[in-house]
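Observations on chain architecture
What follows is each chain in one-letter form.
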Amino acid sequence: MGAGVMGVGIATLAVGHGVPVLLLDIREERLRQAQDAVRQELMLARLMGKLPAGAAGELTISTSYDDLRDADAVIESVTETTDAKAKALAAICAAVTPGTLITSNTSAIPVDELAGYTTRPQDVVGTHFMNPPYLIRAVEVVRGPRTGEAAMAALRSLLTALDRDEVLVGDGPGFVSNRILMRVINDAARLVEEGRAPAEAIDRVFTGCFGHPTGPLATADLIGLDNVVDTLRVLHDRTGDDGYFACDLLLDMVRSGDHGRKTGKGFHIYGGTSA
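Just so it is clear, the model here is predicted, and its values are computed rather than measured.

**A few points about unusual backbone geometry**
- Residues N131 and P132 are joined by a peptide bond in cis, for which omega reads -5°.
- In this structure, P132 sits in the loop between β5 (124–129) and β6 (138–142).
- Even without glycine at this site, D163 takes up a positive phi of about 60°.
- Secondary-structure assignment places D163 in the loop between α5 (149–161) and β7 (165–169).
- The class for D163 is partly exposed, based on a relative accessible area of 35%.
- Phi is positive for F175, which is not a glycine, with a value near 55°.
- For F175, the location among the structural elements is in the loop between β7 and α6 (177–194).
- Judged by relative accessible area, F175 falls into the buried class, the value being 8%.

**Some thoughts on the pairing of β6**
- Of all 5 residues in β6, 4 are buried; the element is thus mostly enclosed.
- One ladder, built from 4 bridges, connects β5 with β6; its direction is antiparallel. Considered in β6, the bridge of T127 is made with V141.
- Bridge count for β6 against β7 is 5 bridges, and the pairing is parallel. Within β7, the residue paired with V139 across the bridge is E166.
- In the classification by handedness, the crossover that spans β6, the intervening α5 and the parallel β7 is right-handed.

Calculation notes
- Residues numbered from 1 in each chain as written.
- Predicted model: local features only at pLDDT ≥ 70, side-chain atom pairs only at ≥ 80, totals over all residues.
- Heavy atoms only, no water.
- Helix = DSSP H or I, 4+ residues; strand = E, 2+ residues; numbered from the N terminus.
- Buried < 20%, exposed > 50% of the residue type's maximum accessible area, 1.4 Å probe, protein only.
- Pairing = 2+ DSSP bridges.
- Right-handed = clockwise from strand over helix to strand, strands pointing away.

Spelled out as structure tokens, the structure:
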């Protein structure tokens, strides 16, 4: 559920491993764009040797939750806001049969909070796929306090089919990855805002001195600065920690439409745009 950047990436990962996928979104135009994007990303991933050659799983699209009734598992991947995820999860739960695995691909909202918007919290697990999912093997898996053993077993079966590795962590705002990463990105953006160093220098400190594959601001561009701001809001609202209050530079860039790689410009300049 959700045909944005992460929905496309997860769909690409699945069809690349021969798993049939129904990609659902309420916007027909976004679905048509997503079909093309999945084809392009599948071709690129195979050229890079990141997905196996062979028959791809069938990809179908729909705008109707009713089409989820025969799903073996549903991955919700809508915008990182409580309202959007609550509505999507409630509709998914109403559409699928009891016992169907429901995962929320969330980067910060506590899983038990999201599960509370469904009638079957025991079927809900948190999954935090990294972007792009077909390049990064590890998946941060968040088990909520009401998540059942059957849901965990179903998720592990799904991750095996997708050839991904589980990293199990406890529930809470931001889990492990974004509880740490979002503060780093926000502080890095503040340093640019203060004129302490340009984005290129900040990222080179991390790549050249610490051996990180990418620096925090290039990582922010990859995530999408709009998604970073949404995630910071979630963390600030739930922790009260002002370290997660998005700095003015981030807010200004998002308002200007400079969201990172997907728009061609963020803290760095990129060679094209994508939906």
